[in-house]
Amino acid sequence: MIVDLPDLAASEVFARRIASALRSGDVVALSGGLGAGKTTLARGIIAALGHQGEVPSPSFAIIEVYDPPAVRLPLVHADFYRLEDPAEVEEIGLDDYRHGAALLAEWPEHAGGFAHEPGCLSIELESTEKGRRAIVTAGPDWLERGAWI
């Protein structure tokens, strides 16, 4: 599925739709080049889950954790850009963070990818002449939820 994102308002609507269907155990895998809008979309999802205030980019910390009541469900926001080897995911303890939480994963390919997980929503963001677009591939768990987009 392709979703056109011509402006920030369209990205916010898309983020709200994702957040409304997001469940513990899900992964939203955000791919695309530098400046493609991964962090912007992640921030929109986090805000739609109820977080108020600034959402720092996890570029240097790698992982930021959000817990209720600040958000509707436990959430891990990870930016794997700085990982040089997918094995480093174990070193940072990602599985421990993910227990009972949803995961927003920027640069998922640097962590070995998550597309094999049934709860993975893969989103490839790219620039177009009219702004941006998202190429969305939904895992079986997302497909079962029906028309969330």
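Residues numbered from 1 in each chain as written. Predicted model: local features only at pLDDT ≥ 70, side-chain atom pairs only at ≥ 80, totals over all residues. Heavy atoms only, no water.

Q: An account of the sheet that holds strand S6 (residues 120-128) is requested, with residue identities and associated values reported.
A: An order of S1-S7-S6-S2-S5-S4-S3 is seen for the seven strands of this open sheet, with the pairing classed as mixed. Of all strands in the sheet, those with a lone pairing partner are strand S1 (2-5) and strand S3 (63-66), marking the two edges. Across this sheet, the average inter-strand angle for adjacent strands is 20°, counted without regard to direction. The pairing of S3 with strand S4 (residues 75-79) spans four bridges and is classified as antiparallel. Looking across to S4, one finds that Ile63 is bridged to Ala78. Here helix H1 (residues 8-21) sits on the sheet and contacts S1, strand S2 (27-31), S6 and strand S7 (131-138); the angle it forms with S1, its principal contact strand, is near 140°. Contacts between helix H2 (residues 38-48) and the sheet are confined to S2, S3, S4, strand S5 (102-106) and S6, with S5 contributing the most and set at about 160° to the helix. (Pairing = 2+ DSSP bridges. Helix = DSSP H or I, 4+ residues; strand = E, 2+ residues; numbered from the N terminus. Axes fitted to C-alpha atoms, helices over the stretch in contact; angles between N-to-C directions. Contact = heavy atoms within 4.5 Å.)

Q: So what about H1? Which residues, and what values?
A: Between the first and last C-alpha of H1 there are 20 Å, a value that for 14 residues agrees with the 20 Å anticipated at 1.5 Å per step. Among the residues making up H1, those that are buried are Ala10, Ser11, Phe14, Ala15, Ile18, Ala19 and Ala21. Next to the buried residues of H1 lie S1, S2, H2, S6, S7 and helix H5 (140-143). By the N-cap criterion, in which a side-chain oxygen at the helix start approaches the backbone nitrogen of a residue two or three places on, H1 is capped by Asp7, the distance to Ala9 being 3.3 Å. (Expected span 1.5 Å × (residues − 1). Buried < 20%, exposed > 50% of the residue type's maximum accessible area, 1.4 Å probe, protein only. Polar contact = N/O pair within 3.5 Å; in protein donor to acceptor, adjacent residues only side chain to side chain.)

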